[in-house]
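A structural walkthrough
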Amino acid sequence: MYQAIVIDDEKWVVKSLIATIRDQEYFEIIAELYDGLSGLEYIREQQPDLAFVDVRLPGMGGLDILQAAHAEGLNTLFIMISGHAEFAYAQKAMFHNAIGYCLKPFSPSELMDSMQKAYLLLNKRLALASQTEGETAGTGEQFHPRHLTSGHKSVQMMIDYTEAHYQEDISIQDLAEHCSINANYASQIFRQEMGITFISYLTALRMDHAAWLLTHTAQTVFAIATQVGYSDYFYFAKVFKKAMGCTPTAFRKSSPPPEEEVPPKTASVLPKDPLGEGHETI
């Protein structure tokens, strides 16, 4: 869970915001600050992942905090909060890389949309950093998905496309468009030829790659989830446990180090459907 702070000079606003986002699992509120100068100082020293900042604050306004953080190259993400739906405020906030502009009284959906955006950005940032670290500390090896073949031209095209794009947000519709065929037909012939659904094949590819990364790199589970195509860490962990029989963390702890050259457990894609899923959406 990432760390967030709230900077607002009205205590009831701070409590209202915290209550509104209480049930989410993206961020933990670790500090409340009630003036701009204290808020900026805290950001400089602690570098929280996310800051909710009121536009109008005593000592130093929220937009000034945002501008200073941007100029200093601080990594904290900002969601601006305000009781004023003024275009000029929002425009200036976005210019200095705020990722959201939420109005009081708070809309739960508006706050959650901005927080999910922050969560995804932080995941991508973490994935890039961890990937670089893993490549530096690793053995120089790279993961290569198991290549499947089919005598059916369209199915082979779908297999090749999936192997090249499984780390992205893809669906049976993308494969159908790639092959210039109907999505329902694509789903039907894939299952008929391969004995499993497309989503099961896609999931197995992602799980194999995740298992390889867990045993061959020091990347965090958050980073691995993003790298193999999952923007939601919690969903990734759930799918991984269902496919592999344990959590990603437990899998890593139970796996031998790479130098022992024992292949990691994989998610079998043929002939058994690893997750028992028959639908075609992700």
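First, a word on scope: everything that follows refers to the structure included in this document. As the structure is a computational prediction, the values presented were derived from the model and not from experiment.

Here the focus is helix H8 (residues 183-194). With 12 residues, H8 should reach 16 Å at 1.5 Å per residue; the first-to-last C-alpha distance of 16 Å fits that figure. Looking only at H8, the buried set comprises Ala183, Ala186, Ser187, Ile189, Phe190 and Met194. Buried residues along H8 sit in contact with helix H6 (153-165), helix H7 (172-179) and helix H9 (198-216). Remark: Gly195 follows H8 within two positions and exhibits a positive phi of approximately 80 degrees.

With that out of the way, let us pick up the packing of aromatic side chains. What characterises a pair of aromatic rings is the spacing of the ring centres plus the angle enclosed by the ring planes. Per the counting criterion, the structure on display carries 14 aromatic pairs. Between Phe190 and Tyr201 the ring centres are 5.7 Å apart and the planes differ by 40 degrees, which places this aromatic pair in the tilted class. Pair noted here: Phe190 is in helix H8 and Tyr201 is in helix H9, with a separation of 11 residues, a long-range link. Like Tyr201, Phe190 is buried. Each ring, one from Phe240 and one from Phe251, has its centre 5.4 Å from the other, and the planes form 85 degrees; the classification is edge-to-face. Residue Phe240 is located in helix H11 (residues 233-244), and its partner Phe251 is located in helix H12 (residues 248-254); the two are separated by 11 residues in the primary sequence. A connected cluster of aromatic rings, assembled from ring pairs, spans Tyr2, Tyr26, Phe27, Tyr119, Phe222, Tyr233 and Phe234.

Relative to each other, H6 and H7 sit at 125 degrees, their axes nearing to 9 Å. Put simply, H6 runs oblique to H7. Crossing handedness for the pair H6 and H7: right-handed. Counting all contacts with H6, which are made through Ser154, Met157, Met158, Tyr161 and Thr162, the residues of H7 involved are Ile172, Asp174, Leu175, His178 and Cys179.

This part covers the sheet that holds strand S4 (residues 77-82). Strand order in the open sheet made by the 5 strands is S2-S1-S3-S4-S5, with parallel pairing throughout. The sheet is open, and its two edges are formed by strand S2 (27-33) and strand S5 (100-103), each paired on a single side. For this sheet, the mean angle separating the axes of adjacent strands, direction not counted, is 25 degrees. Where strand S1 (residues 2-7) and strand S3 (residues 50-54) come together, 4 bridges link them in parallel fashion. Of the residues in S3, the one forming a bridge with Ala4 is Leu50. Packing of helix H2 (residues 36-46) onto the sheet brings it into contact with S1, S2, S3 and S4, and relative to S2 it is tilted by some 135 degrees. Taken strand by strand, helix H3 (residues 62-72) contacts S3 and S4, and its axis lies near 170 degrees from that of S4.

Tracing the backbone shows Met194 in helix H8. Taking the relative accessible area as the measure of exposure, Met194 reaches 8% and is therefore buried.

This brings us to the nonpolar core. With 64 residues, the main nonpolar core has Phe27, Leu50, Phe52, Met158, Phe190 and Phe236 as its most contacted residues. No other element matches the 11 residues that H9 contributes to this core. Those residues in contact with Met158, other than ones at most four positions away along the chain, are Ile172, Leu175, Cys179, Ala186, Ile189 and Phe190. Grouped together as the second largest cluster of nonpolar side chains are 25 residues, Leu40, Ala51, Ala93 and Ala98 included.

Where H6 contacts H8, the two axes come as close as 10 Å, and the packing angle between them is 95 degrees. Our classification of the angle between H6 and H8 gives roughly perpendicular. Facing Ser154, Val155, Met158 and Ile159 of H6, the residues of H8 in contact are Ala186, Ile189, Phe190, Glu193 and Met194. The residue makeup of the contact of H6 with H8, split by class, is 7 nonpolar, 1 polar and 1 charged.

Scanning the entire structure with this criterion turns up 7 salt bridges. Taking the shortest distance from any N to any O, the salt bridge between Lys104 and Asp8 comes out at 3.1 Å. Separated by 96 residues along the polypeptide, Lys104 in the loop between S5 and helix H5 (108-137) and Asp8 in the loop between S1 and helix H1 (11-20) bring together distant segments of the chain. For the pair shown, Lys104 and Asp8 are each scored as buried.

Rules used in this analysis
- Throughout, residues of each chain are indexed from 1 in the direction in which the sequence is written.
- Given that the model is predicted, a residue must reach a pLDDT of at least 70 before its local features are reported, and side-chain atom pairs must reach 80 or more before they are shown or counted; all residues, however, enter totals for whole chains, interfaces and linings.
- Side-chain descriptors were evaluated using all non-hydrogen atoms of the structure, hydrogens and water having been removed beforehand.
- Here a strand is any run of E in DSSP of at least two residues, a helix any run of H or I of at least four, and the numbering for each starts at the N terminus.
- The length a helix should cover is 1.5 Å for every residue beyond the first.
- Buried, partly exposed and exposed residues are distinguished by accessible area as a fraction of the type maximum, computed with a 1.4 Å probe on protein chains only: under 20%, between the cut-offs, and over 50%, respectively.
- Contacts between residues were defined by any pair of non-hydrogen atoms, one from each residue, lying within 4.5 Å.
- Two rings from Phe, Tyr or Trp (for Trp, the six-membered ring) form a pair when their centres sit within 6.5 Å of each other. Planes less than 30 degrees apart are called stacked, planes more than 60 degrees apart edge-to-face, and all others tilted.
- Between N-to-C directions, angles span 0 to 180 degrees; the directions come from axes that are lines fitted to C-alpha atoms, helices contributing only their stretch in contact.
- Convention used here: angles under 35 degrees read as roughly parallel, angles over 145 as roughly antiparallel, angles from 65 to 115 as roughly perpendicular, and any remaining angle as oblique.
- Put simply, a crossing is left-handed when the front helix is turned counterclockwise from the back one by less than a right angle, and right-handed when it is turned clockwise.
- By the convention used here, strands pair only if DSSP detects at least 2 bridges between them.
- Definition used in this section: a nonpolar core is a set of buried Ala, Val, Leu, Ile, Met, Phe, Trp, Tyr and Cys residues joined via side-chain atoms within 4.5 Å.
- Any residue that is not Ala, Val, Leu, Ile, Met, Phe, Trp, Tyr, Cys, Pro, Asp, Glu, Lys or Arg is counted as polar, Gly included; the first ten are nonpolar and the last four charged.
- Only one rule defines a salt bridge in this text: a Lys or Arg side-chain nitrogen within 4 Å of an Asp or Glu carboxyl oxygen.

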